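# Inside the fold
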Amino acid sequence: MNKITSNPGRGLGIVRAQGSLMAERPDQRRIAVAHPAFWGNEKKYVQECVDTSWISSVGRFIPAFERTFAEFCDVEHAVSCDTGTSALHLALLGYGVGPGDEVIVPSLTFVATANAVRYCGAEPVFVDSEPRTMNLDPELLEAAITPKTRAVIVVHLFGHPCDMDPINAVAAKHNLVVIEDAAEAHGATYHGRVTGGLADAATFSFFGNKIVSTGEGGMITTSNADLADRIRMFRGQGMDPARRYWFPVVGYNYRMTNIQAAIGLAQMENVKDHVEARFRVAAWYSRYLQAHLGFLELPREETWARHAYWMFTIVLSPSLAHHRDQIMERMSAEGIETRPFFYPLHTLPPYRSAAVHLPVAEQLSAAGIMLPTHALLTEEDVARVSASLGEACRQFSLRDLEPAGQKTFSAMTD
Ligand SMILES: *Cc1c(COP(=O)(O)O)cnc(C)c1O
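Okay, so let's go over this structure. (Residues numbered from 1 in each chain as written. Predicted model: local features only at pLDDT ≥ 70, side-chain atom pairs only at ≥ 80, totals over all residues. Heavy atoms only, no water.)

## Observations regarding the environment of Glu142
Here is the rule we go by: A run of DSSP states H or I qualifies as a helix once it reaches four residues; a run of E qualifies as a strand once it reaches two. Both are numbered from the N-terminal end. For each residue, the accessible area found with a 1.4 Å probe, counting protein chains only, is set against the maximum for its type, and the residue is called buried under 20%, exposed over 50%, and partly exposed in between. We call two residues in contact whenever any of their non-hydrogen atoms come within 4.5 Å of each other. Nitrogen and oxygen atoms within 3.5 Å of one another constitute a polar contact, given that in protein one can donate a hydrogen and the other can accept it, and given that sequence-neighbouring residues count only through two side-chain atoms.
The residue Glu142 is located in the loop between helix H7 (138–141) and strand E4 (149–155) in this model. Look at Glu142 and you get partly exposed, because its relative accessible area is 32%. In this structure the C-alpha to C-alpha distance between Glu142 and His174, which are 32 residues apart in sequence, comes to 8.8 Å. In this view, Glu142 contacts Val170, Lys173 and His174; residues no more than four positions away in its chain are not counted. At 2.6 Å, the side chain of Glu142 and the side chain of His174 are in polar contact.

Okay, here's the thing in C-alpha cells:
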C-alpha cells in the first residue's frame with residue numbers, strides 16, 4: 001500500500017519543481033502535504049477510455065461514477081462537472097442566484113466558495129467562524145441575513161462537518177437555500193449522516209489533493225430532481241435536453257470527461273479505504289503531537305461528527321503564532337511540506353471591506369498550519385513531521401525568552 005516508501009522518488013516531482021535544493025537522503029525524503037492514492041482500477045479504466053476512444057464527455061464511466069457517488073452520499077442525484085468551483089457555480093445557477101442577491105459564506109474557506117457567488121453577479125456576505133470546528137458560526141448566521149439574502153453556502157472546512165441542524169433551521173425560517181461546500185469532506189458524517197446529503201444541495205471537488213481525486217473534477221449532489229435537471233442543462237451549454245441546438249439559457253461547458261470519471265469510479269470502489277487511511281493518519285498525529293500540546297492545539301472532533309481529515313491542522317498557541325511562517329520554513333528545510341491556513345476572504349482585494357472585522361477567522365488564519373495529510377503517509381512519516389514541528393516550536397519559544405543580544409547571536413548561527 002505504501003508505494004511511496006518503497007520508491008522514495010516517486011510522485012514527488014511537484015515538490016522538486018518548487019526548487020528544493022536539498023539532497024534527498026532515503027530517510028529524509030520530502031514529505032508532500034498531499035498526494036493522490038491509486039489502489040484499484042484507475043489505470044485499467046483509463047486504458048479502456050483510450051482503447052475504446054471514449055475520452056470526451058460521453059461514455060460509460062460518467063453515469064457509473066455519478067450513480068456510485070449519489071449512493072455514497074445517500075442522495076437521489078449526483079451531477080458531475082469539471083471542477084469543484086464549477087460545481088458551486090452550477091448549484092447557485094440551478095437555484096437562480098443572480099445580480100442583486102446576497103449569499104452568506106464563511107470568511108475562512110478557500111476562495112472558490114466566494115468566487116462562485118461573484119460569477120453569478122451576486123455578492124458574498126462573510127460570516128465569522130466558530131472556534132471549535134472553525135466552521136461558519138451558526139449563532140452569527142441570522143444577523144447576516146438581509147432582504148437580499150437568497151442562499152447560504154456552508155463549508156465543511158478541512159473535513160469537519162458543520163453543525164447543520166441550527167443552520168438549516170435558520171435558513172428554513174427565512175426561506176433560504178442551503179448549499180454544502182463539501183470539497184474537503186468526502187465521507188465525513190454529521191449525527192451519522194454523510195456529508196453531501198445534509199442540505200438542499202452539496203458540491204464536491206476531485207482536485208488532485210482532495211480525498212477522492214479525478215485530477216480535476218467536481219460533483220453536485222441533491223435529492224431535488226428539478227434542480228439536477230437545471231444543473232445538467234447549465235453544465236452542457238444550456239441546451240434543451242429535448243431539442244438539439246436549442247438554447248433557452250446561456251449555459252457553460254462544465255462537463256467532466258469519461259477519463260476523469262474512469263479515475264473517479266476506480267477511486268469510489270475503494271472509497272472506504274481512502275477515508276479510513278486518513279483516520280489512521282489523524283490518530284497517529286494525535287498520538288505523536290501529545291508531547292507538544294503546550295505549543296499548539298489539535299483539531300477537535302465534535303461528539304456528533306466524524307471528521308474526514310482532508311487536512312490535519314494545528315493552531316499555534318497565541319504566544320507562538322507570530323512565528324508561524326518561520327516554523328513552516330524550518331520544517332520545509334527538513335523536507336516537510338506544510339501549508340498556512342487560507343487568508344480570510346474578507347481581507348482579499350476582490351472582497352476587502354474596511355468595515356468588516358471577523359476576529360475568529362483572522363486569528364485562526366494567522367496561527368494555523370496544515371500538516372501533510374494523505375493516504376500514503378506511514379506512521380514514521382507522521383512521527384517525523386510531529387517531531388519537526390515540536391522542535392521548531394520549542395526553538396522559537398526559547399528564542400523569545402532570550403535577551404535581545406543573544407537573540408541576534410542565535411539567529412545568526414542557525
Ligand atoms: C478545493 C476546494 C474548492 C474548489 O475545488 P476545485 O476542484 O479546485 O475547483 C472549493 N471549495 C473548497 C472549500 C475547496 O477546498
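## Regarding the site of the ligand
Short version of the rule: Throughout this document, a residue counts as near a molecule or strand when at least one of its heavy atoms sits within 4 Å of that molecule or strand. Using a 1.4 Å probe, accessible areas were evaluated by the Shrake-Rupley method; residue-level cover was limited to the displayed protein chains.
Taken together, 14 residues surround the ligand, and among them Gly84, Thr85, Glu184, Ser205 and Lys210 come closest. At 2.6 Å from an oxygen atom of the ligand is found a side-chain nitrogen or oxygen belonging to Ser205. In this structure, Lys210 approaches the ligand through a side-chain N or O atom, which is 3.1 Å from an oxygen atom. Taking 380 Å² as the accessible area of the ligand by itself, protein coverage stands at 93%.

## Some thoughts on the side chain of Asn258
Take Asn258: it is sitting in helix H10 (residues 258–269). From its side chain, Asn258 meets the backbone nitrogen of Phe61 in a polar contact 3.0 Å long. Not counting residues within four places of it along the chain, the set of residues in contact with Asn258 comprises Cys49, Trp54, Ile55, Ser56, Ser57, Val58, Gly59, Arg60, Phe61 and Ile62.

## Quick word on the packing of aromatic side chains
Given two aromatic rings, one states the distance between the centres and the angle between the planes to describe the pair. To keep things clear, this is the line we draw: Planes of paired rings set the category: under 30 degrees apart is stacked, over 60 is edge-to-face and the rest tilted, where pairs are Phe, Tyr or Trp rings (Trp by its six-membered ring) whose centres lie within 6.5 Å. Should the NZ of a Lys or the CZ of an Arg lie within 6 Å of a ring centre and within 35 degrees of the ring normal, that charge is described as sitting over the ring.
Applying the stated criterion to the full structure yields 14 aromatic pairs. Look at Phe110 and Phe342: their rings are 5.7 Å apart centre to centre, the planes differ by 55°, and that puts the pair in the tilted class. With a gap of 232 residues between them, Phe110 in the loop between strand E2 (102–106) and helix H6 (112–119) and Phe342 in the loop between strand E13 (339–340) and helix H13 (359–367) connect regions that are remote in the sequence. Of the residues examined, Phe110 reaches a relative accessible area of 44% and is grouped as partly exposed. An aromatic cluster is defined as three or more aromatic residues linked by ring pairs; in this entry it consists of Phe65, Phe69, Phe72, Phe204 and Phe206. Over the ring of Tyr45 we find Arg60, and its NZ or CZ is 5.8 Å from the ring centre.

That is the geometry; function is a separate question.
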